[in-house]
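# Architecture at a glance
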Amino acid sequence: MKENAPLMACISSSPVLEEAFAWLCKRRAAYSPHNDVWELRKNWDCEKPRVQADLLAGEYCFEPLRELRINGEIIELWSSGDALVLKAVSIVLTEYLKPRLSGRCFHIAANGGAKGAVREAMAALLPEHHVMKSDVRGYYAGIDHMVLMDLLERHMPDKALLRLLWDWLRRTVCFGENYRDVTRGISLGCPLSPLMGALYLLPLDKAMENSGCFYARFMDDWLILAPSRWKLRRAVKTVRQVLEVLNVEIHPDKTFIGRAHHGFDFLGYALSPGVLKPASRTVEKCAERISRLYEQGADNIRVGRYIQRWNRWVTAGGFRLNTVDHNSFLAARGFALGIS
């Protein structure tokens, strides 16, 4: 991105749109032949100038999202053209906003990811620490549009881009013949949403950086390690005050406040001083997935490959942990390997 170039000019540039187009083609390569991605790919040479012109003129408008309900899950699907534009916006804004975001927000690219957050927490964790681990209730669905726009206006001078982002937030969703306007929350599965999720809790990041406590955040999951009870109490009070201003709530069922030696779960792991292992719920989810695979008729080879992938995930980042053993799991469930 060119220094001091208008953000909308960067978003509508050919290199950025081509990068977004390549991402879209890869992301939707297995979509139905009836999906609009194929029409966009066929006519890309004609569509790209139109998209560029609309973006530069401030006239680009998002289409209503389609709501899909599959196996009890609700999925909001952007049109292919809109998904491409949102990816282009995320490419430019990630580079633009990253210096303004906190290094303690680990889900931002190059900040270490979930494994980096867990690794740093284990390195800092001491038996005498007091702990707060929590997250936001219904984070994506609970984001206040006005609060987010206020945060964006503080960091971005491009009025045309702010108008486009407001249009993205105040989206219309259709299910069959029914249309509804969304007035709160951001879209799941959108390439821009993780970045907006990082920005929204930036006031919390800044407050914790000055707290004298260890702090790490991955999306809306955060961990605070305090050297004393009174410092933790002050940090908890600050968290509640910041979240009140942001108009979101702490999730009461996912909050742990206590001593480090009691142990706690964070990002799929169980942490206590000197001990790291997969959280009980993480192992339970693995077992549930294995059970579903067998119910669907999967053979031992397919199940074994899943277990290998799970073990690779849980030990990624250099963690040396006890992992799931295929034969032990089968024996516990009464299955036979069928190997002579």
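The structure contained in this document is the topic of the report that follows. (Residues numbered from 1 in each chain as written. Predicted model: local features only at pLDDT ≥ 70, side-chain atom pairs only at ≥ 80, totals over all residues. Heavy atoms only, no water.)

Let us now look at helix H4 (residues 44–57). End to end, H4 covers 20 Å across 14 residues, agreeing with the expected 20 Å (1.5 Å per residue, within 8%). Those residues of H4 that fall on the buried side of the exposure criterion are Trp44, Lys48, Val51, Gln52, Asp54 and Leu55. Taken together, the buried residues of H4 touch helix H1 (7–11), helix H2 (14–27), helix H3 (37–42), helix H5 (80–97) and helix H9 (159–169). Where H4 ends, the next residue or the one after it, glycine 58, has phi of about 70°, a positive value. (Helix = DSSP H or I, 4+ residues; strand = E, 2+ residues; numbered from the N terminus. Expected span 1.5 Å × (residues − 1). Buried < 20%, exposed > 50% of the residue type's maximum accessible area, 1.4 Å probe, protein only. Contact = heavy atoms within 4.5 Å.)

Moving on, we get to the layout of surface pockets. One water molecule sets the probe size; rolling that probe over the atoms shows where empty space is left. Considered as a void within the structure, the largest pocket measures approximately 440 Å³ in volume. What lines the largest pocket is a set of 17 residues, and nearest its centre among them are Leu267, Gly268, Arg281, Thr282 and Lys285. Taken together, the elements giving at least two residues each to the lining of the largest pocket come down to strand S9 (264–266), helix H13 (280–295) and helix H14 (300–315). The residue inventory of the lining of the largest pocket, partitioned by class, reads 8 nonpolar, 2 polar and 7 charged. (1 Å grid on protein atoms, 1.4 Å probe; cavity = no way out; pocket = protein on both sides within 12 Å on 5 of 7 lines; lining within 4 Å. Points joined across faces, edges and corners; volume = space filled by probe spheres on them. Nonpolar A, V, L, I, M, F, W, Y, C, P; charged D, E, K, R; others polar.)

Positive phi, close to 75°, is recorded for alanine 110, a residue that is not glycine. A positive phi angle, near 55°, is found at leucine 267, a position not held by glycine. Position of leucine 267 among the secondary structure elements: in the loop between S9 and strand S10 (269–272).

Another point: the nonpolar core. With 80 residues, the main nonpolar core has Leu93 and Trp168 as its most contacted residues. Examining the composition of this core, we find that 11 residues originate from one element, H5, more than from any other. Ignoring any residue separated from it by four or fewer positions in sequence, one finds leucine 93 in contact with Leu7, Lys98, Met156, Leu161, Leu165, Leu192, Leu195 and Met196. Grouped together as the second largest cluster of nonpolar side chains are 30 residues, Phe214, Phe264, Ile307 and Leu321 included. (Core = buried A, V, L, I, M, F, W, Y, C linked by side-chain atoms within 4.5 Å.)

As a further point, take the packing of aromatic side chains. Per the counting criterion, the structure on display carries 7 aromatic pairs. When the centroid spacing of 4.4 Å and the interplanar angle of 0° are considered together, the rings of phenylalanine 21 and tryptophan 44 count as stacked. Remark: tryptophan 44 occurs in helix H4 and phenylalanine 21 occurs in helix H2; sequence separation between them is 23 residues. Judged by its relative accessible area of 13%, phenylalanine 21 is buried. You can call tryptophan 44 buried: its relative accessible area is 5%. (Phe/Tyr/Trp six-rings, centres within 6.5 Å; stacked < 30°, edge-to-face > 60°.)

This paragraph deals with the side chain of aspartate 135. Locating aspartate 135 in the fold gives a position in the loop between strand S3 (130–134) and helix H7 (139–142). The side chain of aspartate 135 sits in the buried core without any salt bridge; lysine 254 is the nearest counter-charge, 4.1 Å away. Setting aside its immediate chain neighbours within four residues, aspartate 135 contacts Asp220, Asp221, Trp222, Glu249, Ile250, His251 and Lys254. (Lys, Arg positive; Asp, Glu negative; His and termini not counted. Salt bridge = Lys/Arg side-chain N within 4 Å of Asp/Glu carboxyl O.)

With 12 residues, helix H6 (residues 113–124) should cover 16 Å at 1.5 Å per step; its first-to-last C-alpha distance of 17 Å lies within 8% of that length. Of the residues making up H6, those classed as buried are Lys115, Gly116, Ala117, Val118, Ala121 and Met122. Close packing links the buried residues of H6 with strand S6 (214–218), strand S7 (221–226), S9, S10, strand S11 (275–278) and H14.

Of all the 5 residues making up S3, 5 are buried; the element is thus mostly covered by neighbouring parts of the structure. Of the two faces of S3, the one holding His130, Met132 and Ser134 and the one holding Val131 and Lys133 are both buried throughout. Judged from the 5 bridges that link them, S3 and S7 form a sheet pairing that is antiparallel. Counterpart to methionine 132 in the pairing with S7 is isoleucine 224. Across 4 bridges, S3 lies against strand S8 (residues 256–259) in antiparallel orientation. (Pairing = 2+ DSSP bridges.)

If you trace the 4 strands from one edge of the open sheet to the other, you get S2-S1-S4-S5, paired in mixed fashion. Since the sheet does not close on itself, it has two edges, and those belong to strand S2 (73–77) and strand S5 (178–181), each with one partner. Strand-to-strand twist in this sheet, taken as the mean axis angle between neighbours without regard to direction, amounts to 30°. Sheet topology note: the strand S4 (residues 172–175)/S5 ladder contains 4 bridges and is antiparallel. Across the sheet, the residue bridging to threonine 172 is aspartate 181, located in S5. (Axes fitted to C-alpha atoms, helices over the stretch in contact; angles between N-to-C directions.)

Now for the environment of isoleucine 108. Position of isoleucine 108 relative to the elements: it lies in the loop between H5 and H6. Classification of isoleucine 108 by relative accessible area gives buried; the value is 8%. In this structure the C-alpha to C-alpha distance between isoleucine 108 and methionine 219, which are 111 residues apart in sequence, comes to 8.7 Å. With residues up to four places along the chain from it excluded, the contact list for isoleucine 108 reads Lys98, Leu101, Leu195 and Ala198.

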